[in-house]
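Summary of structural features
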Amino acid sequence: MYSNQSQETGLLISLEVDSAIPLYLQLRDRIVQAIASGELRDGDSLPPTRRLAADLGINMHTVNKAYDMLRQEGLIRLGRRTGAVVRRAQGGDSEIAEWEARARTLLAEAVAKGLTPAEALARCQTILDDFDEPAGVA
Amino acid sequence: MNALPVLLLAAFEWLMPSLIPRTVPFGVRIPGARAAEPVVTRQRRIYRYGIVAVSAAAVAAALLAGPLPGIVVEIAGAFAFFQVARLTIRSAKRRENWYGGLRQVVVADTSLRAERRPYPWLWALPSIAVTTATVILGVVRYPHLHGQVATHYDIAGRPDRHAAVSPFSIFGPVVVQVLLTAMLLGLAATALRGTARLDAEDPQAAAERQRRFRVIETRSLLGLAALFSVVFLLDGLSRFQIADLAWARVLLPIGLVAVLAFLLWAGQNGSRLRVQGQAADGRTTNEDDDRYWWFGMFYANRDDPSLIVPKRFGIGRTVNLGHPLAWVLLVATLAIPLILQ
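These numbers come from a predicted model, not from an experiment.

Counting secondary structure elements, chain A contains five helices and three strands. Along its sequence from the N terminus, chain A presents helices and strands in the succession β-α-α-α-β-β-α-α. In chain A, which comprises 138 residues, the proportion classed as buried is 33%. When the accessible area of chain A is evaluated, it comes to approximately 8,800 Å², of which 54% is carbon and sulfur surface.

This is the structure we're talking about:
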């Protein structure tokens, strides 16, 4: 049912309203995951800020903030005419280093909570395998 | 005849609890798992008894004092019983902490509005053709008109005011007809592409329901546009002194009931359309958004950029009073009939 003119792909977005994680961060995380899993591909459009905010019934600034964060991370391009377009990053050194620092924290949490390094690694592999599956599996 | 509008309203109000999504009984947001709580079914029963009682009083008022007092009694009485049901369910929800331990989420399926949906011009054609014909007939006939024309009808459709032939008395209704048709065609476009609010407990089924309902709603609005333009044309035929087809006025209630029945069958926002769904996980539910709904009926949310949203207790859509444009729209809707009078 998707037309050829619009490169906008369907995405199911679900935000938890009273979570400790702010809405904009949840939205950003969802989009990052959609890029990783192939639900969103290089060149796909994200919905216009206003429309997405209206469908979710949330403030436009929340969506703006998420898109702005994704832009700073190099995951989307924001254009006046094109809107938000996914750009699958090539992985700049500084971005990778920043990611590694956060991965270190997450893995430290796993070890601190009693996971052996081998278990932690196996779980990471499972997650990465999920990303490899064909797009559209929600 | 005087009691007819009251009876139609009463039937509509009586049916309403069955036409709305199950997670908003009487304007109160509840988790789906609570939809069959005894307090909810009990309030639905009490409300319906209330509607029967109110309608009996309203019919009496209509017969004794005329259709308008009857309508006022009906609406005010139904509103009162609605509020009783709303407040009772709301206090049960708070007392028993129905949202305890649940994850409240808002969801969007971006494919729903990304899909291109062509405007059904074929369905819009009858109203456009009939309205154009009315304009042409009026212009052609105007030089030949003389005497008095009816300019106002009472609620039962009998002319109760007349005026001499003038551009205003002849073309006033034509202007209303053009505006009304344009408005309905515009609303149909909104129905096709407007804001989607999905049930977080089963977003995929909700999205499919939306797809089907949008087609139904759009066609209903275009059907309504066709109906109104035909009624205006018939009125024009008598005003332009071509033919007096006063009997054809019955078309209006018959057509209205037909369009309404079509919409009612689908339920508010398509809630009655049967769609293959998945069982909810039991922990995820819709955001408790009662605070945005004054009296469980009027929506005001400053954060929400939507101007038009689905009604909570009723059929169709309502404006977001937290949106500045809503007030412009409301004032304009009130002002246009006043200016035309």
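Another aspect to go through is the packing of helix 2 (residues 38–65) of chain B against helix 3 (residues 67–95) of chain B. All names here are of chain B. For the pair helix 2 and helix 3, the least separation of the axes is 7 Å and the interaxial angle reads 165°. Here helix 2 is positioned roughly antiparallel relative to helix 3, judged by the angle of their axes. The hand of the helix 2/helix 3 crossing is right-handed. Each residue belonging to the contact of helix 2 with helix 3 can be placed in one class, and the counts come to 21 nonpolar, six polar and one charged.

A separate point is the packing of helix 1 (residues 4–19) of chain B against helix 3 of chain B. All names here are of chain B. Contact geometry of helix 1 with helix 3 gives a least axis separation of 9 Å together with a crossing angle of 15°. Comparing their axes, helix 3 and helix 1 come out roughly parallel. The two elements helix 1 and helix 3 meet at a crossing, and its hand is right-handed. Contacts from Pro 5, Val 6, Leu 9, Ala 10 and Glu 13 in helix 1 reach Gly 70, Ile 71, Glu 74, Ile 75 and Ala 78 in helix 3. When the residues that make up the contact of helix 1 with helix 3 are grouped by side-chain class, the tally is seven nonpolar, one polar and two charged.

The next subject is the confidence of the model for chain A. All names here are of chain A. On average, residues of chain A score 85 in pLDDT, and 86% of them reach the 70 mark or higher. When pLDDT is averaged over each element of chain A, helix 3 (residues 60–72) comes out on top at 95 and helix 4 (residues 93–112) at the bottom at 87. Overall, residues 1–6 carries pLDDT values under 50, and its contacts beyond four positions in sequence, including any with other chains, amount to eight contacts.

All names here are of chain A. Looking at chain direction, strand 2 (residues 76–79) and strand 3 (residues 83–86) are connected through four bridges and run antiparallel. Paired with Gly 79 across the two strands is Gly 83, which belongs to strand 3. Hairpin geometry of strand 2 and strand 3 is characterised by an intervening segment of three residues between the two adjacent antiparallel strands.

Once that is clear, we can look at the sheet that holds strand 1 (residues 103–109) of chain B. If you walk across this open sheet you meet the three strands as 1(A)-1(B)-4(B), and the pairing is mixed. Two strands bound the open sheet, and with one partner strand each, they are strand 1 (12–16) of chain A together with strand 4 (284–286) of chain B. Shown here is a sheet whose adjacent strand axes are inclined to one another by a mean of 50°, direction ignored. The pairing of strand 1 of chain B with strand 4 of chain B spans three bridges and is classified as parallel. The partner of Arg 103 of chain B across the bridge, within strand 4 of chain B, is Thr 284 of chain B.

Per-chain confidence: chain B averages 89 in pLDDT, with 98% of residues scoring 70 or above. Taken together, the chains of this predicted complex give a pTM of 0.83 and an interface ipTM of 0.82.

What follows is about the interface of chain A and chain B. Contacts between the two partners involve 29 residues from chain A and, on the opposite side, 25 residues from chain B. Summing both sides of the interface, chain A and chain B together bury roughly 2,400 Å²; the carbon and sulfur share of this comes to 53%. The three residues of chain A that bury the most area against chain B are Leu 12, Val 17 and Asp 55 of chain A, which together make up 24% of that side's buried surface. On inspection of chain A and its partner chain B, the count reaches two salt bridges. When the shortest N-O distance is used, the salt bridge between Arg 113 of chain B and Asp 55 of chain A registers 2.9 Å. Our count for the chain A to chain B interface comes out at 11 residue pairs in polar contact (both at pLDDT 80 or more). Per-element tally for the side of chain A that touches chain B: the top contributor is helix 2 (residues 49–56) of chain A, with seven residues.

Residue and element names in this part refer to chain B. There is a patch of nonpolar side chains on the surface, built from Met 1, Leu 4, Leu 8 and Val 257 and spanning about 380 Å² of accessible area. With respect to the element layout, Leu 4 can be found in helix 1. A residue is classified by how much of its surface remains accessible, and Leu 4, at 37% relative accessible area, is partly exposed.

Residue and element names in this part refer to chain B. Considering all chains together, one arrives at 11 aromatic pairs over all chains under this definition. Relative to Phe 313, the ring of Tyr 47 lies with its centre 6.1 Å away and its plane at 90°, an arrangement referred to as edge-to-face. In this pair, Tyr 47 sits in helix 2 while Phe 313 sits in the loop between strand 7 (308–310) and strand 8 (317–319), placing the two residues 266 residues apart along the sequence. Residue Phe 313 is classed as buried on the basis of its relative accessible area, which comes to 12%. Plain terms: the ring middles of Phe 82 and Phe 313 are 4.6 Å apart, the flat faces sit at 45° to each other, and that makes the pair tilted. Remark: Phe 313 occurs in the loop between strand 7 and strand 8 and Phe 82 occurs in helix 3; sequence separation between them is 231 residues. For the pair Phe 82 and Phe 313, a shared accessibility class is recorded, and that class is buried. Within the aromatic cluster, the residues linked to one another by ring pairs are Phe 26, Tyr 47, Phe 82 and Phe 313. One residue, Arg 48, lies across the ring of Trp 14, its end atom 4.3 Å from the ring centre.

Turning our eyes to something else, we now look at the pattern of salt bridges. Applying the stated criterion across every chain yields a total of 21 salt bridges over all chains. Its salt-bridge partner being Arg 28 of chain A, residue Asp 29 of chain A comes within 2.7 Å of it at the nearest N-O pair. Among the ionic pairs, Arg 312 of chain B bridges to Asp 289 of chain B, the shortest N-O distance being 3.0 Å. Remark: Asp 289 of chain B occurs in the loop between strand 4 and strand 5 (293–294) and Arg 312 of chain B occurs in the loop between strand 7 and strand 8; sequence separation between them is 23 residues. Among the residues examined, Asp 289 of chain B registers a relative accessible area of 12% and is labelled buried. Here the salt bridges do not stand alone but share partners, grouping Arg 29, Lys 93, Asp 288, Asp 289, Asp 290 and Arg 312 of chain B into one network.

Analysis parameters
Residues numbered from 1 in each chain as written. Chains lettered and ligands numbered in written order. Predicted model: local features only at pLDDT ≥ 70, side-chain atom pairs only at ≥ 80, totals over all residues. Heavy atoms only, no water. Helix = DSSP H or I, 4+ residues; strand = E, 2+ residues; numbered from the N terminus. Buried < 20%, exposed > 50% of the residue type's maximum accessible area, 1.4 Å probe, protein only. Areas by Shrake-Rupley, 256 points an atom, 1.4 Å probe, with all protein chains shown as cover. Axes fitted to C-alpha atoms, helices over the stretch in contact; angles between N-to-C directions. Parallel < 35°, antiparallel > 145°, perpendicular 65-115°, else oblique. Left-handed = near helix turned anticlockwise from the far one by under 90°. Nonpolar A, V, L, I, M, F, W, Y, C, P; charged D, E, K, R; others polar. Contact = heavy atoms within 4.5 Å. pLDDT = per-residue confidence, 0-100. Pairing = 2+ DSSP bridges. Buried area = accessible area lost by both parts, 1.4 Å probe. Salt bridge = Lys/Arg side-chain N within 4 Å of Asp/Glu carboxyl O. Polar contact = N/O pair within 3.5 Å; in protein donor to acceptor, adjacent residues only side chain to side chain. Patch = residues over 30% accessible without salt bridge, like charges linked within 9 Å, V, L, I, M, F, W, Y side chains within 5 Å. Phe/Tyr/Trp six-rings, centres within 6.5 Å; stacked < 30°, edge-to-face > 60°. Lys NZ or Arg CZ within 6 Å of the ring centre and 35° of its normal.

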